Amino acid sequence: MLLLPLLLLAVIVPGGDSKDAFQGPTSYHVIQILTFANSTWPQGQSSGWLDDFQIHGWDSDSGTATFLKPWSKGNFSDEEIIELEGLFQAYFIGFTKKVQEYVSKVQIEYPFVIQCIAGCKLHSGKSIGSFLRAALGGLDFASIKNHSCAPAPEGGSRAQQFCALVSQYKDIWDIIETLLSETCPRFLLGVLDAGKAELQRQVKPEAWLSSDPSPGPGRLLLVCHVSGFYPKPVWVMWMRGEQKQSGTQRGDTVPNADGTWYLRVTLHVTAGEETGLSCRVKHSSLGDQDIIIYWGPFRISHEPSPCLHFHLGSVTRSPETLSAQESISSYFIK
C-alpha cells in the first residue's frame, strides 16, 4: 500500500547496496499529490526529496520550483531550471487532463486522491535506476516498468484501462522518459556533488535515559533517548551485558530543527529487573566506539570523547576517564 504524503517517503524502490557508492542520500524523487474534489477542481501539491530530506517545493500558482537549500539546483543553470519547470508544467497539465478523461469513462466517484512518486536511485557500482509509482486512494494503481505503464493487481480493470489510455499519448510518454532516464540521473549526481559538504557530514549523537510513567503495578518503562545525530541511520538497542533485549521497541526517527535526528527506544521491564540493563548506540560518526549508558542511580555512558558531560541525570564518559569520573560520581552520590 502507498500511504499518504509523509508515508510515501518510505516506498522508494530498493536496489543494490549503496554503502560503498555514496555515504549519504542515494536517491532523488518527486512526490505529487493530486486531489480531485470534482470534475472541474483539481488541486496539486509537489515536492522534491533526497531520500527523506526535502530540498524542493513547488508553487502551484506560479508553476515554479522553490529551492530550500543553496545547492538545490545542483549543476543546472538558471536557463535549464526554467526549461525544466516548463516541462513539469506541461506534464502536470497533460496528466491532469488525461485523468479527467479517464474518470469520465470508468465513473470513479469524487472526491479522490492520486499519489505519485517518481525519481531515480544510485546503486552500488554507480549505476542509476529510475522509478515511477502511482496510487489511487492509498492503494497501488500503476507503475512504470520497462518503459511502459504496468497496472498494479490492486488496481484491477480500472488500472488496466488507465494504462491502455495513457499509453496512447506519445507526448506524455516522451516527457516521462526524458525526466526519468535523462534529467533525473544528471540532476541527482549534480545535487549530491553540490551539497556534499552538508549531506556527508557526520554529527555524533548524545544519549540519555529516563523512565516514563509506570505502565502498570510492578512494571517500569525505560526510555533511551538518542538525539543530534546525522546521517539518519542509527542502531540503538537495550542490552543486558552482550545480550540484546527482545522487548526493545523503537519509535520513529524524527527530525530536529537543525537537520539532525532524534530517536526514542523503550523497554518494558518488571520492577527489579532493570539492574544491569544498558542502552547501546552505534552510529557512523562514532566509528567502532559505541555509546553505552547503564541504568542505575547514576547512569553512565561510554563514548569516544574523553570529556565529561552532564545531561538529564546521566553522566557521559569514555573508558580513558573512568577513574576520574568514579571519583566525581562518588562525590555527587554523597
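What counts and what doesn't
- Residues numbered from 1 in each chain as written.
- Predicted model: local features only at pLDDT ≥ 70, side-chain atom pairs only at ≥ 80, totals over all residues.
- Heavy atoms only, no water.
- Disulfide = S-S within 2.5 Å.
- Helix = DSSP H or I, 4+ residues; strand = E, 2+ residues; numbered from the N terminus.
- Phe/Tyr/Trp six-rings, centres within 6.5 Å; stacked < 30°, edge-to-face > 60°.
- Buried < 20%, exposed > 50% of the residue type's maximum accessible area, 1.4 Å probe, protein only.
- Lys NZ or Arg CZ within 6 Å of the ring centre and 35° of its normal.
- Core = buried A, V, L, I, M, F, W, Y, C linked by side-chain atoms within 4.5 Å.
- Contact = heavy atoms within 4.5 Å.
- Expected span 1.5 Å × (residues − 1).
- Pairing = 2+ DSSP bridges.
- Axes fitted to C-alpha atoms, helices over the stretch in contact; angles between N-to-C directions.
- Parallel < 35°, antiparallel > 145°, perpendicular 65-115°, else oblique.
- Left-handed = near helix turned anticlockwise from the far one by under 90°.
- Nonpolar A, V, L, I, M, F, W, Y, C, P; charged D, E, K, R; others polar.

**Student:** Help me out: how do you make sense of the state of the cysteines in this one?
**Tutor:** Simply put, disulfide is the name for a covalent bond between the sulfur atoms of two cysteines. What the rule picks out here adds up to three disulfides. Between the sulfur of Cys 120 and that of Cys 184 lies a disulfide, 2.1 Å long from S to S. Measuring the twist about the S-S bond at about -85°, one finds the Cys 120-Cys 184 disulfide to be left-handed. Residue Cys 120 is located in strand S5 (residues 112-122), and its partner Cys 184 is located in helix H3 (residues 170-194); the two are separated by 64 residues in the primary sequence.

**Student:** Where do I start with the packing of aromatic side chains in this structure?
**Tutor:** The geometry of two aromatic rings is summed up by the distance between their centres and the angle between their planes. Under the criterion given, the structure shown has 12 aromatic pairs. Ring geometry for Tyr 102 versus Phe 162: centroids 5.2 Å apart, planes at 75°, classification edge-to-face. One end of the pair, Tyr 102, is in helix H1 (residues 78-106); the other, Phe 162, is in helix H2 (residues 156-166), with 60 residues separating them in the sequence. Considered together, Tyr 102 and Phe 162 belong to a single accessibility category, that of buried residues. Grouping aromatic residues by their ring pairs yields a cluster made of Phe 95, Tyr 102, Phe 141 and Phe 162. It is Arg 201 that lies over the ring of Tyr 230; its NZ or CZ is 3.8 Å from the centre. Over the aromatic face of Trp 235 sits the side chain of Lys 282, whose NZ or CZ is 5.5 Å from the ring centroid.

**Student:** I keep staring at unusual backbone geometry and nothing clicks. Help me out?
**Tutor:** Glycine aside, residues mostly have negative phi, and peptide bonds are mostly found in the trans state. For the peptide bond that leads from Tyr 110 to Pro 111, omega is -5°, which places it in the cis range. Of note, the amide linkage connecting Tyr 230 to Pro 231 takes the cis form, showing an omega dihedral of 5°. You will see that Asp 51, though not glycine, has its phi angle at about 50°, which is positive. Inspection of the secondary structure puts Asp 51 in the loop between strand S2 (41-50) and strand S3 (53-59).

**Student:** When you look at the nonpolar core in this model, what are you seeing that I'm missing?
**Tutor:** Nonpolar side chains tend toward joint burial in soluble globular proteins. In terms of nonpolar packing, the biggest core is built from 72 residues, with Tyr 28, Leu 50, Val 99, Tyr 102, Val 236, Trp 238 and Val 281 touching the most fellow members. Ranked by residue count, the leading element in this core is H3, at 11 residues. Tyr 102 has contacts with Ile 108, Phe 141, Arg 158, Ala 159, Gln 161, Phe 162 and Leu 165, leaving out every residue within four places of it along the chain. By size, the runner-up hydrophobic cluster in this structure holds five residues, among which are Ile 31, Trp 49, Ile 117 and Phe 131.

**Student:** Looking at this model, I keep getting lost on H1. Mind explaining?
**Tutor:** One turn of an α-helix holds 3.6 residues; hence residues three or four places apart share an orientation. Between the first and last C-alpha of H1 there are 42 Å, a value that for 29 residues agrees with the 42 Å anticipated at 1.5 Å per step. Trailing H1 by a residue or two, Gln 107 shows a phi angle of about 60°, which is positive.

**Student:** Before we go on, may I ask you to explain the pairing of S2 in this structure?
**Tutor:** Consecutive side chains along a regular strand alternate between the two faces of the sheet. Relative to S2, strand S1 (residues 27-38) runs antiparallel, the two being bridged by 10 bridges. Paired with Gln 32 across the strands is Ser 46, a residue of S2. Linkage of S1 to S2, two consecutive antiparallel strands, is achieved through a turn of two residues. Linkage of S2 to S3, two consecutive antiparallel strands, is achieved through a turn of two residues, within which Asp 51 is found at a positive phi near 50°.

**Student:** Just checking my understanding: could you explain the packing of H1 against H2 for this structure?
**Tutor:** When two helices pack together, their arrangement is captured by the angle between the axes and the distance separating the axes. The interhelical angle for the contact between H1 and H2, taken along N-to-C directions, is 135°, at an axis separation of 11 Å. By the angle between their axes, H1 is oblique relative to H2. Relative to H2, H1 is oriented so that their crossing is right-handed. Residues Phe 95, Lys 98, Val 99, Tyr 102, Lys 105 and Val 106 of H1 form the contact with H2, whose participating residues are Arg 158, Ala 159, Gln 161, Phe 162 and Leu 165. A per-class count over the contact of H1 with H2 returns seven nonpolar, one polar and three charged.

None of the figures reported here should be taken as evidence of function without further support.
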